[in-house]
Amino acid sequence: MIAKERTRTLMHFRQATTGDLDMILAIENQSFKNGIKESPQVFLERIEVFPEGFLLLETDESADPIGYICSELWSSKKDLSAENLSLGHSIKKVHSHQGQELYVSSMGVLPEYRGRGYGGRMLRHLITKASKDFPQVNSVLLIVSEKWPAARKTYLKLGFEQVDLIPAFFQPVGLKSEPGIVMKKML
Ligand SMILES: CC(C)(COP(=O)(O)OP(=O)(O)OC[C@H]1O[C@@H](n2cnc3c(N)ncnc32)[C@H](O)[C@@H]1OP(=O)(O)O)[C@@H](O)C(=O)NCCC(=O)NCCS
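The rules behind these values
- As a convention, each chain's residues are numbered from 1 in the sequence order in which they are written.
- Local features in a predicted model are, by the rule used here, given only for residues with pLDDT of at least 70; side-chain atom pairs are given and counted only at 80 or more, and totals for whole chains, interfaces and linings are based on all residues.
- Just so you know, side-chain values use all the structure's heavy atoms and leave hydrogens and water out.
- Among buried residues, the Ala, Val, Leu, Ile, Met, Phe, Trp, Tyr and Cys ones that are joined through side-chain atoms within 4.5 Å form a nonpolar core.
- Relative accessibility thresholds used throughout: buried, under 20% of the residue-type maximum; exposed, over 50%; partly exposed, between the two (1.4 Å probe, protein chains only).
- Where helices and strands are cited, they refer to DSSP runs of H or I of at least four residues and of E of at least two residues respectively, numbered from the N terminus.
- It only takes one pair of heavy atoms within 4.5 Å for two residues to be counted as in contact.
- One side-chain nitrogen of Lys or Arg within 4 Å of one carboxyl oxygen of Asp or Glu is enough to make a salt bridge.
- The arc refers to the directions leading from the helix axis to the C-beta atoms.
- Two strands are said to pair when DSSP picks up at least two bridges between them.
- Geometry is summarised by axes, namely lines fitted to C-alpha atoms with helices restricted to the contacting stretch, and by angles between N-to-C directions that run from 0 to 180 degrees.
- For classification purposes, angles smaller than 35 degrees are called roughly parallel, those larger than 145 roughly antiparallel, those between 65 and 115 roughly perpendicular, and all remaining angles oblique.
- Should the near helix be turned anticlockwise from the far one by less than a right angle, the crossing is termed left-handed; should it be turned clockwise, right-handed.
- In the scheme used here, Gly and all other residues not listed as nonpolar or charged are polar, with Ala, Val, Leu, Ile, Met, Phe, Trp, Tyr, Cys and Pro taken as nonpolar and Asp, Glu, Lys and Arg as charged.

Visitor: Would you take a moment to explain the nonpolar core for this structure?
Guide: Soluble globular proteins tend to pack their nonpolar side chains together in the buried interior. Core analysis: the biggest nonpolar cluster contains 55 residues, and Phe54, Tyr68, Leu123 and Phe160 have the highest contact counts within it. Take this core: its biggest share by element is six residues, from helix α4 (residues 118-133). When residues no more than four places from it in sequence are discounted, the contact partners of phenylalanine 54 are Arg14, Gln15, Ala16, Ile24, Phe43, Arg46, Ile47, Tyr68, Ile69 and Cys70.

Structure (structure tokens):
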């Protein structure tokens, strides 16, 4: 059997700054349908409030970052079905540097670099870094659509399990709404 080719390029993760906004939006626009994309304001707020949890992936293949991942720290007792999970929610209302749960609010890899292991490594790197920087973190939470098979596979491979299903959570413009699958991994 021929092993699937994985990248052997150099990878580097760095914290995002507000100066990276255009590149983050470029990845976002190529990753999500209209109605699911986050606004520039939401990204700016995430970078300002929790830069340690907003990482960009750089490789020697491209001058610009090829992926981003962003997160928040929540108190583990947050109500999952409430507005906290909604797209566009304000990180200021939910984030606490003392939070025990790492909520991965979004991630994306540019289409031409997908399927080469970058997404999985990006998520693993964020979890490792957050657990080191914030030792109280004991779980990771995220929400995914059943229409995003690559993302679901990435999460399942990393040990995430479904803990909830929110009907009509994702509402792409002009398309049928999609349920949100809430997934969790205990550390
Ligand atoms: C989700 C995402 C970040 C993953 O990045 P990536 O670099 O492609 O991830 P990886 O290469 O580590 O893993 C993707 C896995 O999904 C698999 N996959 C890709 N397309 C698939 C499909 N249509 N059906 C099933 N599996 C699929 C790949 O084969 C790979 O599995 P493998 O490692 O067993 O070969 C990327 O696909 C993306 O940006 N998607 C659009 C935005 C998005 O869905 N973000 C997640 C929000 S919750």
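Visitor: How do you make sense of unusual backbone geometry when you look at a structure like this?
Guide: Excluding glycine, a negative phi dihedral is what most residues carry, and trans is how most peptide bonds are arranged. Non-glycine residue alanine 168 carries a positive phi angle of around 50 degrees. Inspection of the secondary structure puts alanine 168 in strand β6 (residues 161-170). Here alanine 168 falls in the partly exposed class, since its relative accessible area comes to 34%.

Visitor: I keep staring at the pattern of salt bridges and nothing clicks. Help me out?
Guide: Where charged atoms from two side chains of opposite charge approach closely, those side chains can pair. All chains considered together, the criterion is met by eight salt bridges. Across the salt bridge formed by arginine 116 and glutamate 61, the nearest N and O atoms sit 2.9 Å from each other. Here arginine 116 is found in the loop between β4 (101-109) and α4, whereas its partner glutamate 61 is found in the loop between β2 (54-59) and β3 (67-74), with 55 residues between them in sequence. Classification of arginine 116 as partly exposed rests on a relative accessible area of 22%. In this structure, glutamate 101 engages lysine 184 in a salt bridge whose closest nitrogen and oxygen atoms are separated by 2.9 Å. Residue glutamate 101 is located in strand β4, and its partner lysine 184 is located in strand β7 (residues 178-186); the two are separated by 83 residues in the primary sequence. Each of the salt bridges in this network shares a partner with another, and the network as a whole consists of Arg14, Asp20 and Glu58.

Visitor: How do you make sense of helix α1 (residues 21-29) when you look at a structure like this?
Guide: Think of an α-helix as 3.6 residues a turn; residues three or four steps apart then line up on the same face. Those residues of α1 that fall on the buried side of the exposure criterion are Leu21, Ile24, Leu25, Ile27 and Glu28. Take α1 and look down its axis: the buried residues cluster within an arc of 160 degrees, on one side only. Along its buried surface, α1 packs onto α2 (40-49), β2, β3 and β4.

Visitor: Even after reading the chapter, I still don't get the pairing of β7, so can you show me in this structure?
Guide: Within a regular strand, the side chains alternate between the two sheet faces. Taken together, the seven bridges between strand β5 (residues 139-145) and β7 define a ladder with antiparallel strand orientation. Paired with serine 145 across the two strands is glycine 180, which belongs to β7. Looking at chain direction, β6 and β7 are connected through six bridges and run antiparallel. Bridging across to β7, phenylalanine 170 finds its partner in glutamate 178.

Visitor: In this structure, what is going on with the packing of α1 against α2? I would like to understand it.
Guide: Relative placement of two packed helices is described by the angle separating their axes and the distance separating the axes. Direction vectors running N to C along α1 and α2 enclose 125 degrees, while the axes themselves pass 11 Å from each other. When the axis of α1 is compared with that of α2, the two are oblique. As α1 packs across α2, the resulting crossing turns out to be right-handed. When α1 is examined against α2, the residues Leu21, Ile24, Leu25 and Glu28 are found in contact with a partner set consisting of Pro40, Phe43, Leu44 and Ile47. By residue class, the composition of the contact of α1 with α2 is seven nonpolar, no polar and one charged.

Visitor: Could you clarify how one ought to interpret the sheet that holds β5 in this entry?
Guide: In sheet architecture, strand pairing relies on hydrogen bonds along the backbone and comes in two forms, parallel and antiparallel. Here we have seven strands laid out as an open sheet, ordered β1-β2-β3-β4-β5-β7-β6, and mixed in their pairing. In this open sheet, the two strands that pair with only one neighbour each are β1 (11-15) and β6. The sheet shows a mean angle of 25 degrees between the axes of neighbouring strands, direction not considered. Both β4 and β5 contribute to a ladder of three bridges, which runs parallel. From the neighbouring strand, glutamate 101 faces β5, where its bridge partner is serine 139. Lying over the sheet, α1 contacts β1, β2, β3 and β4, oriented at roughly 100 degrees with respect to β3. Helix-sheet contacts for α4 involve β1, β2, β3, β4 and β5, and the interaxial angle to β4 is about 150 degrees.

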